[in-house]
Amino acid sequence: MNDQYYMKLALDEAEKAKEIGEVPIGAVIVLNNTVISSAHNLREREQRSIAHAEILAIDKACNEIGSWRLENATLYVTLEPCPMCAGAIVLSRIGRVVYGASDPKGGCAGTLMNLLQEERFNHQVDLTKGIEEQACSELLSSFFRDLRKRKKHK
């Protein structure tokens, strides 16, 4: 298994979000070459500001392994983590993050700032970006393009 394989699983999760009208972001957490959790955005459906794919996947992973420490895990996510998710990643001690598309409006894994590798924190995260970037970007772009069209025709 490689980064592309797991990112495609995260893209599958993002598609699930799109199907229910959520912003299509998906996340998968892998530990010892095994997927231990996966999730997609549920913020609109649940009307909870913290129902981001990463937060939901982290919560499931912690429940799965019975620990809040995800030190050797890798998080695959289709969009660069926001400040909230970046904080949760650091606090859960995830070892590595792989993301697809950069987020120029809220990305905190290198675009606006890099909370994942901030040396003042007691944990830093290995980071790989741009995996399946075009597919991740197109999924988001097409979702928002369609959303704008629907709003225009109301």
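Above: the structure in question.
Here the structure is a predicted model, which means the values were calculated and not measured.

Criteria and cut-off values
Residues numbered from 1 in each chain as written. Predicted model: local features only at pLDDT ≥ 70, side-chain atom pairs only at ≥ 80, totals over all residues. Heavy atoms only, no water. 1 Å grid on protein atoms, 1.4 Å probe; cavity = no way out; pocket = protein on both sides within 12 Å on 5 of 7 lines; lining within 4 Å. Points joined across faces, edges and corners; volume = space filled by probe spheres on them. Helix = DSSP H or I, 4+ residues; strand = E, 2+ residues; numbered from the N terminus. Core = buried A, V, L, I, M, F, W, Y, C linked by side-chain atoms within 4.5 Å. Buried < 20%, exposed > 50% of the residue type's maximum accessible area, 1.4 Å probe, protein only. Salt bridge = Lys/Arg side-chain N within 4 Å of Asp/Glu carboxyl O. Axes fitted to C-alpha atoms, helices over the stretch in contact; angles between N-to-C directions. Parallel < 35°, antiparallel > 145°, perpendicular 65-115°, else oblique. Left-handed = near helix turned anticlockwise from the far one by under 90°. Contact = heavy atoms within 4.5 Å. Disulfide = S-S within 2.5 Å. Pairing = 2+ DSSP bridges. Phe/Tyr/Trp six-rings, centres within 6.5 Å; stacked < 30°, edge-to-face > 60°.

Looking now at the layout of surface pockets. There is about 440 Å³ of room inside the largest pocket. Around the largest pocket, the lining is made up of 19 residues, and of these Val 23, Ile 25, Leu 79, Asp 103 and Phe 144 lie nearest the centre. Looking at the lining of the largest pocket element by element, the count peaks at three residues for helix α5 (residues 133-152).

If you look at the biggest cluster of nonpolar residues, it comprises 50 residues, and the most contacted ones within it are Ile 29, Ile 58, Leu 70, Tyr 76, Ile 89, Ile 94 and Leu 116. Of all the elements in the fold, those that place two or more residues in this core are α1 (3-19), β1 (26-31), β2 (34-40), α3 (53-65), β3 (74-79), α4 (83-91), β4 (96-101) and α5. In terms of residue count, the dominant contributor to this core is α3 (seven residues).

If the charged atoms of two oppositely charged side chains come close together, the side chains can form a pair. Applying the stated criterion across every chain yields a total of six salt bridges. Residue Glu 71 pairs with Arg 69 through a salt bridge whose shortest N-O separation is 3.6 Å. Under the relative-accessibility criterion, Arg 69 is labelled partly exposed at 38%. Between Glu 138 and Arg 145 there is a salt bridge whose closest N-O contact spans 3.0 Å. Given a relative accessible area of 35%, Arg 145 falls into the partly exposed group.

For the pair α3 and α4, interaxial distance at closest approach is 9 Å and the crossing angle is 20 degrees. As the angle between them shows, α3 and α4 are arranged roughly parallel. With respect to the hand of their crossing, α3 and α4 are arranged in left-handed fashion. Between α3, through Glu 54, Ile 55 and Ile 58, and α4, the contact on the second element is made entirely by Met 84, Cys 85, Ala 88 and Ile 89.

Take the state of the cysteines next. Counted under the stated rule, the structure contains zero disulfides. Between Cys 82, a cysteine without a disulfide, and Cys 85, which holds the nearest cysteine sulfur, the sulfur-to-sulfur distance is 3.7 Å. Cys 82 gets classed as buried once you look at its relative accessible area, which sits at 15%.

Let us look at the sheet that holds β3. Here we have five strands laid out as an open sheet, ordered β2-β1-β3-β4-β5, and mixed in their pairing. Since the sheet does not close on itself, it has two edges, and those belong to β2 and β5 (126-129), each with one partner. Across the sheet, the mean angle from the axis of one strand to that of its neighbour is 15 degrees, orientation sign disregarded. Judged from the four bridges that link them, β4 and β5 form a sheet pairing that is parallel. Its bridge partner lying in β5, Tyr 99 is registered against Lys 129.

We now examine unusual backbone geometry. Positive phi outside glycine occurs at Gln 47, with the angle close to 50 degrees. The topology assignment puts Gln 47 in the loop between α2 (43-46) and α3.

A word on the packing of aromatic side chains. As enumerated under the stated definition, the model contains three aromatic pairs in all. Pairing Tyr 5 with Tyr 6 gives two aromatic rings, centres 5.1 Å apart and planes at 80 degrees, and the pair type is edge-to-face. Residue Tyr 6 is classed as buried on the basis of its relative accessible area, which comes to 4%. Chaining the aromatic ring pairs together yields one cluster made of Tyr 5, Tyr 6 and Tyr 76.

Purely geometric numbers; function is a separate question.
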